[in-house]
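Coordinates in review
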Amino acid sequence: MVGGSFVKSLDFYTRNNVNITSKSFWSRYISITMDIRDVLIIMTIFILTQQHQTNLTGSVLFNNNGHILAECPNTTLQIEFSSACTDTCPESAPFLFGTVCLSFCPVGYVAHAGTCMYDIPRREQETKINLICPTEFCPLENPYCDEYRCVTTCPQGMYIEEQSCVYTCSKSKPHMFNYTCVMDCPRTYPYTENNICVMNCSIGYVQLGNSCVKACPHGKYRTKTNCVDSCSSEGMFELVIWNTGLCLANCPLFTNINGNICNTHCPHGSDLLWNMSCVGQCPDSMPFVYVLSKRLPPFETPVCLPVCPDQTYVDGRTCVVKCSQGMRIDDRNCVRNCPSVRKFIHQEKCLSICPSNLVVHGTSCVQNCPANAKYTFNSTCIDKCPTGYAVLGDECVTSCPGALILFQGKCSLTCPNDLFIFNGSCVDRCPLTHQYKDVSSVNSVLAVIACRQSCTKPYIYNMTCSDYCPHDTYRYNHTCVDNCSKIGMFGHYSICVSKCPSGYIINDDSCSRSCPKETPFVFNGSCRSECLSTHTIHLPDWLFYQKIIRCVNSCSSDRVEFNGKCVDRCPVVTAYFNGSCVEECPLSHKFNTTSDYFRYKYQCVSNCKVNAPFSLEDKCVNICPHFSINSSCVARCPESHSFVYHERAGRSQCVKECPGNTYTIYNKCYKQCLDPLVSFLGNLSCLQQCPTTHKFRYMYSNNEKLFRCEKTCSKPLFISGDKCLHNCPVSKPYSKGQTCVATCGSSYPFFHPVTKQCLKDCPQPYVLSNNTCIQKCPPDARFLVNNVCTKSCPPAMKLWSPQQKGNVCGSTCTHGFVEQNKTCVTSCSGGHVIINNKCTGSKYCPREYKYTESSSNGNICRKSCLKGQYIQSLTCVRQCSKYYVENECVDRCPITHPYTDIQRFRTGSFPKECHKNCKPSQYVEGFHCTSLCNSGLYIAMDKTCVNKCPPSHPFRRKNILDAVCDKACGDSYLVDQNNNCMEEQKCKDQKDMFIYKDKCVQECPPHSFLDMTNTRCLSLSDGTLIIGFILITISMALVVCTCCLLKCRYPSFQTNKSKDLEDNDEESHLLLDVNGEGDCGAETCQEIHDLSSSGHYVPARDCHNEQVSMANTSIPMVQVHAPMVPVFDELQEVYVGEKDIDENTQVKTTKDEEIDESRERLTSKSTDDGVFLQ
């Protein structure tokens, strides 16, 4: 087929949205085309496409990113009356109306956030009333009057009219200019827009006389800038759309022209728009009809087109976005039936083949096959699989993949329950060679049983491999058994063990935590039905929170035995003896005594102990009912022990005489005398009344009411008659010093309400009422005058302020109150201001009170703010909201005080003080004063924080907490490669670091060399004379030695100076003897190397195998890289030229290269033998 390759490639380009109408496309395509016939076809089609493209220009079609469209896509916007699409509306047409960007909003619409929205008439809001002040009401420094308050500027949202701040301008001065109401706008601002004088109308507005309006009035037409009576006078076309008359330079392509009028609709019978004319039928050059719906929303316009736009389909001669119901899409054409070459249907489209993810059913491409043809074979739905194929789900396969099993012609995940898997098939029994059954899961859901030769799982049960043993079985050596007793073991948690673990008991061949009711007793770790005769005592016990009964022969130390059982404690009617509870004590321990031990209340003892030291009728008691003698209770004391010693209450002991330190009265002895007797230490006797020398009776024990005689009453005791008391009695409730009195008297007229102490004055916070110091005045005397409660305030102190302790009288109100109408109140009513702690009758401060302070009482007028306050907008405040300079609050620091402190350790919002300069101890970081730079780096000169050192201060010196940038590092310091200052000694101590001038470097720079210490780099310009002398001396010596050696070995050397010697590429060493001996023995000489005048190596002989040494051993050893003669020549040239080189100037000449090359080949090496040349 002629041009077949071209057609295929052209189809490829068109399917990939390549513009084949461009000249650049054709020129590139022809250049790579090999067939001349294709070239001819291409030229023909190019001419046709150019003609086709020209035809497009006469229609409403346009090119948008390679797509031919009639109107913009849904994802973009159309710019008014043009063929341009955009994502956002441009400045020339900023208002969005539907899907069209317009330069104005139509009549009845208003612009809101760039969108034309339907204008809903709003009810006029109530405007505030303008308060006009009298002329010259305010002074020049505050010239404007805002509701009778003089201000420097009117508040935001208000305008100036006749020196008053107003909300709206009056009719006499209806316009606004510079926030001032004026009668007429100035010439430079000639137009009014919303009653504001403007220089030009805003976007979306047009001029109507001297006004800027959003829409022209009815009967007028809108140009870009003005409202006109007629477009013809402007030489323009008229277009009436959206209730708006427009003047356009040209009619849009989607309108028809009638004179100078652009019509949006064609008359009936000529409904189609062609070439801006109305026709009844489209011509053959533009045969297709497309209905425009987005050019002039909401109007629709049918137009004639040469081709249908992209992303539309051809239905007859109509371009549609979607084909009709029952129609198919065949290459952008709506057809009822697909052609045979594209017979397959997918999503109502005709395809030559179905997509790879779909299958064929008849002529349809489907996701799944239907029930009557549910199997897929070669991507086609069939009713059953061919012979030799197995069913895998809904697919026909040659064999079952993976772990699937073939059963009755189908691939299955598992065999039926009574079958097993063997060799990929289901069998009814496993062969002897594979007798183990292995259960494994498939897809984590199904399980299959396969025949295995051996088990890979850990356990075997009834010839089945398993990961674990079944319930009610036990594990033993990878085998599951039903009963452990068959193998002589015990069952414990599904495991067979040789013995039960600690804490478990044996019950019916298993390890258990408790015994059943039938065998409740435990002996030797096993459950039994009864205890043995040797262990008859029952011991209740706990095992893992379970009660058990152990068989024992005796109770443990924490139990006692009672009636053959170990119990926690003996019953109350019994006594404890020898580990058991008995009802009667034996004769050996006949005394029955009480016990504090919780396991028994009574105990049998041989004698009474300390806790019950007395015996009374075979019982040990703590207290005898009458008297005691020798630990026995008696009814009366015998004559031999006639004194009764009352040791303490309930302890009366018969003694021969009273013990020492006891008080005696008659034949009785007391440790303390009991009330009503009083103890007297003078003669250790109990008295009815104290003697005159110790007349004061003092109760030193309130609990036992014990008294003793005292000489005086010590503080804090009080004296009442002959008694020392802790508190005064009711008959004498007051105290003067330590003495209790009935009344305080005139010298101490007041008393403390709590302590009843007589006082001359009431202390704070008490007040005086009826000679009593109290915390609050009573209701019948609620006024306070000089801290005394009265019934009313005196005339000179007519004002009273309510306080917690009473109403304080005074000539002025106390703190926290202000005076209003001769009354002290907490705040002024009606919003009136406060002057001199009094409420005024005005809401505004007088002119001389220029500052106000907001307080809990109200707004206070002040001539100046108090100390510690700040001025913020003529208001006195305790704290500024942002910044402050001296005592004035500011929104930001002024240029005269630009710096603020950085508070690093404070949280919350707080004001910052503006400083003229930072403190000497602080650093400057931007406009902040800080105690430490964030970057940790600052310039030494002015302590300015920086991120890196500037060129003016390039060197970085470390401190303890930060680093400083300086012009120089200073003495005994060097500069490292990062411009950091370091101590000179640290550079010397570091390996592979050298000192070069004032720097510490890793290697010596060009034009320098190491000194003898190998620590410093010396510049060649510094050491030229020394090194030049040394090297020239060495060079001369080497030349002399070389000549001698050559003359000795080659006598004809002088006559053959120009003869080229034999080349030798192998490098070796030349050993010279310059001691003057020059003995050349041919039989002992070895081959060495020499140099010719051309610089090549020449074989020579080493005489006597002796190395040549320098006569002057003081000359340093120098190592020279071959060839030697060129090196010497270079050195002479280098050192001569080096003297005039400035070390701070880079000389980029060939001499620099020669110096570097020579230096690389020249090193020095000292040996004991002499000069070693390499």
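Thresholds, definitions, all that
Residues numbered from 1 in each chain as written. Predicted model: local features only at pLDDT ≥ 70, side-chain atom pairs only at ≥ 80, totals over all residues. Heavy atoms only, no water. Helix = DSSP H or I, 4+ residues; strand = E, 2+ residues; numbered from the N terminus. Buried < 20%, exposed > 50% of the residue type's maximum accessible area, 1.4 Å probe, protein only. Contact = heavy atoms within 4.5 Å. Areas by Shrake-Rupley, 256 points an atom, 1.4 Å probe, with all protein chains shown as cover. Salt bridge = Lys/Arg side-chain N within 4 Å of Asp/Glu carboxyl O. Pairing = 2+ DSSP bridges. Axes fitted to C-alpha atoms, helices over the stretch in contact; angles between N-to-C directions. Disulfide = S-S within 2.5 Å. Phe/Tyr/Trp six-rings, centres within 6.5 Å; stacked < 30°, edge-to-face > 60°. Lys NZ or Arg CZ within 6 Å of the ring centre and 35° of its normal. pLDDT = per-residue confidence, 0-100. Polar contact = N/O pair within 3.5 Å; in protein donor to acceptor, adjacent residues only side chain to side chain. Patch = residues over 30% accessible without salt bridge, like charges linked within 9 Å, V, L, I, M, F, W, Y side chains within 5 Å.

Let us look at the overall build of the protein chain. Looking only at helices and strands, the protein chain has 7 helices and 115 strands in total. By residue count, 36% of the 1174 residues in the protein chain fall in the buried class. When contacts within the protein chain are restricted to residue pairs at least 6 apart in sequence, long-range pairs at least 24 apart make up 28% of them. Put simply, the protein chain shows about 74000 Å² of open surface, and 51% of that area lies on carbon and sulfur atoms.

Let's shift gears to the pattern of salt bridges. Evaluation of the coordinates by the stated rule reveals 15 salt bridges. The partner of Asp 229 in a salt bridge is Lys 220, with the nearest N and O atoms 2.3 Å apart. With relative accessibility at 55%, the residue Asp 229 sits in the exposed group. Measuring nitrogen to oxygen at the nearest pair gives 2.7 Å for the salt bridge that ties Arg 1016 to Glu 984.

Okay, the sheet that holds strand S103 (residues 937-939) next. Pairing in this open sheet of 3 strands is mixed, and the strands run S103-S105-S104 from one edge to the other. Pairing within the sheet leaves two strands with one partner each, and these edge strands are S103 and strand S104 (955-958). Sheet twist, expressed as the mean angle between neighbouring strand axes with direction ignored, is 30 degrees. One ladder, built from 4 bridges, connects S104 with strand S105 (residues 963-966); its direction is antiparallel. Following the sheet pairing, Lys 958 is matched in S105 by Ala 963.

To continue, consider the pairing of strand S27 (residues 288-292). Across the 5 residues of S27, 4 count as buried, placing the element largely inside the fold. In terms of strand pairing, S27 meets strand S28 (residues 301-305) through 5 bridges, oriented antiparallel. In the strand pairing of S28, Leu 292 is matched with Thr 301.

Per the counting criterion, the structure on display carries 56 disulfides. Bridging Cys 713 to Cys 724, the disulfide has an S-S length of 1.7 Å. A torsion of -90 degrees about the S-S bond marks the disulfide between Cys 713 and Cys 724 as left-handed. In this pair, Cys 713 is assigned in the loop between strand S76 (706-710) and strand S77 (718-720) and Cys 724 in strand S78 (residues 723-725), connecting sequence segments 11 residues apart. For the pair shown, Cys 713 and Cys 724 are each scored as buried.

All right, on to unusual backbone geometry then. In this structure, Pro 298 follows Pro 297 across a cis peptide bond, with omega equal to 5 degrees. Mapped onto the elements, Pro 298 comes out in the loop between S27 and S28. In this model, Lys 715 is joined to Pro 716 through a cis peptide bond whose omega is 5 degrees. Here Pro 716 lies in the loop between S76 and S77. Positive phi outside glycine occurs at Asp 472, with the angle close to 70 degrees. Turning to its location among the elements, Asp 472 is positioned in the loop between strand S48 (464-466) and strand S49 (474-476). Note on Asp 472: relative accessible area 59%, which makes it exposed. Even without glycine at this site, Asp 508 takes up a positive phi of about 55 degrees. Residue Asp 508 is classed as exposed on the basis of its relative accessible area of 66%.

Within the secondary structure layout, Ala 575 lies in strand S61 (residues 575-577). Linking Ala 575 and Ser 595, residues 20 residues apart in sequence, is a C-alpha distance of 9.6 Å. Ala 575 has contacts with Ser 580, Cys 581, Val 582, Cys 585, Asn 592, Tyr 602, Gln 603 and Cys 604, leaving out every residue within four places of it along the chain.

Turning our eyes to something else, we now look at the environment of Pro 501. On the secondary structure map, Pro 501 appears in the loop between strand S52 (495-497) and strand S53 (505-507). Note: C-alpha distance between Pro 501 and Ser 512 (11 residues apart in sequence) is 9.8 Å. Apart from residues no more than four positions distant in its own chain, Pro 501 is found in contact with His 492 and Cys 511.

A separate point is the packing of aromatic side chains. The description of two aromatic rings rests on the distance between their centres and on the angle between their planes. This structure, assessed with the given rule, holds 14 aromatic pairs. When the centroid spacing of 5.9 Å and the interplanar angle of 80 degrees are considered together, the rings of Tyr 109 and Tyr 118 count as edge-to-face. Using a relative accessible area of 61% as the deciding quantity, one classes Tyr 118 as exposed. An angle of 55 degrees between the planes, with centres 4.8 Å apart, marks the rings of Tyr 734 and Phe 751 as tilted. With Tyr 734 in strand S79 (residues 734-736) and Phe 751 in strand S81 (residues 750-751), the pair connects residues that are 17 residues apart, well separated along the chain. Assigned by exposure class, Tyr 734 and Phe 751 land together as buried. Following the ring pairs from residue to residue traces out a cluster consisting of Phe 97, Tyr 109, Tyr 118 and Trp 242. Directly above the ring of Tyr 923 sits Lys 943, whose terminal nitrogen or CZ lies 4.4 Å from the centroid.

Here the focus is the confidence of the model for the protein chain. A residue-level look at the protein chain finds 81% of positions with pLDDT of 70 or above and a mean pLDDT of 78. With pLDDT under 50 throughout, residues 1-18 is counted as low confidence; its partners more than four residues away or in other chains account for 24 contacts. Contacts of residues 1052-1174 to residues separated by more than four positions or lying in other chains number 195 contacts, the stretch itself having pLDDT below 50.

Let us now look at the side chain of Thr 930. Counting through the fold element by element, Thr 930 comes out in strand S102 (residues 928-930). Among the polar contacts made by the side chain of Thr 930, one reaches the main-chain carbonyl oxygen of Leu 932 at a distance of 2.8 Å.

Attention now moves to a nonpolar patch on the surface. A cluster of nonpolar side chains, contributed by Ile 129, Leu 131 and Tyr 148, occupies part of the molecular surface with about 310 Å² of accessible area. Mapping Ile 129 onto the fold places it in the loop between strand S8 (115-118) and strand S9 (144-145). Accessibility expressed as a relative area gives 68% for Ile 129, which makes it exposed.

Before going further, it helps to examine the environment of Cys 1004. Its place among the elements puts Cys 1004 in the loop between strand S109 (999-1001) and strand S110 (1008-1010). Put simply, Cys 1004 and Ser 1019 are 15 residues apart on the chain and 9.1 Å apart in space, counted from C-alpha to C-alpha. Sequence-distant contacts of Cys 1004, that is, excluding residues within four places in its chain, are made with Phe 1009, Leu 1010 and Cys 1017.

Glancing now at the pairing of strand S88 (residues 806-810). Every other side chain in a regular strand lies on the same face of the sheet, so the side chains alternate between the two faces. Among the 5 residues in S88, 4 count as buried, and that is most of the element. For strand S87 (residues 799-803) and S88, the ladder comprises 5 bridges, and the chain directions are antiparallel. Opposite Pro 802, over in S88, you have Asn 807 as the bridge partner. Between the end of S87 and the start of S88, which pair antiparallel, lie 2 residues.

Turning to the side chain of Ser 1008, a few remarks are in order. Take Ser 1008: it is sitting in strand S110. For Ser 1008, a relative accessible area of 5% puts it in the buried group. A polar contact of 2.4 Å, which involves the side chain of Ser 1008, links it to the backbone oxygen of Pro 1005.

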